[in-house]
Amino acid sequence: MNDEDAAPGEDDRAVKVALYMETLQARMDPDQYGALAQALHEAFHLLAQGREGTIGSDDDSSFTPEMNREFATVLTILLTGKMDQRVVEVPGSDGHSGFVLMDPEEADDPAKVQEVRDFIDQWTTEREAMDIELDGIARASNPSTDD
């Protein structure tokens, strides 16, 4: 096993994240970069504590699709130490598009990309059905006079 095969250390990941953030700062609108940096800071804090959470604000409309892609890219660099991931768009069942980050070899394989899209579509459908069922249970267990 050579050094290239070794898992990247936290210091290596931090250097890669810092380098990527410098490139983002140079090419992004300062307000967008500031909002992205704040969201990433919150995410890093949650990850460091081993906690889950939701990151966002009341006005998520200011977080553009480009900012979402860059947010995911920086998190991927932090978590995997890789800087060569590709953004693959995944159309959602509700008409909105999302994306996934894939290894370059997988992103170049149309069958693999379709497999990921199918998985996400199936997961979304199952999640929506579960949400409807849970909503029904909540309504049945806590009837209100407003309904």
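Residues numbered from 1 in each chain as written. Predicted model: local features only at pLDDT ≥ 70, side-chain atom pairs only at ≥ 80, totals over all residues. Heavy atoms only, no water.

1. With respect to the pattern of salt bridges
- Evaluation of the coordinates by the stated rule reveals eight salt bridges.
- The partner of D103 in a salt bridge is K82, with the nearest N and O atoms 3.3 Å apart. Residue D103 is located in the loop between β2 (97-102) and α4 (104-107), and its partner K82 is located in the loop between α3 (65-80) and β1 (86-91); the two are separated by 21 residues in the primary sequence.
- Looking at D103, the relative accessible area reads 21%, which means it is partly exposed.
- You can call K82 partly exposed: its relative accessible area is 38%.
- What emerges from the salt-bridge pattern is a single network uniting R27, E66 and E70. (Salt bridge = Lys/Arg side-chain N within 4 Å of Asp/Glu carboxyl O. Helix = DSSP H or I, 4+ residues; strand = E, 2+ residues; numbered from the N terminus. Buried < 20%, exposed > 50% of the residue type's maximum accessible area, 1.4 Å probe, protein only.)

2. What about helix α2 (residues 30-48)?
- Relative to the 27 Å expected for 19 residues at 1.5 Å per residue, α2 spans 26 Å between its end C-alpha atoms, a close match to the ideal helical length.
- You can read the cap of α2 off the contacts: a side-chain oxygen lies 3.0 Å from the backbone nitrogen of D31, and it is on D29.
- Of the residues flanking the end of α2, it is G50, one or two places downstream, whose phi is positive at about 70°. (Expected span 1.5 Å × (residues − 1). Polar contact = N/O pair within 3.5 Å; in protein donor to acceptor, adjacent residues only side chain to side chain.)

3. Looking at the side chain of Q85
- In this fold, Q85 is placed in the loop between α3 and β1.
- Polar contacts involving the side chain of Q85 include one to the side chain of D103, which spans 2.8 Å.
- The residues touching Q85, leaving out its near neighbours within four places in the chain, are T76, L101, M102 and D103. (Contact = heavy atoms within 4.5 Å.)

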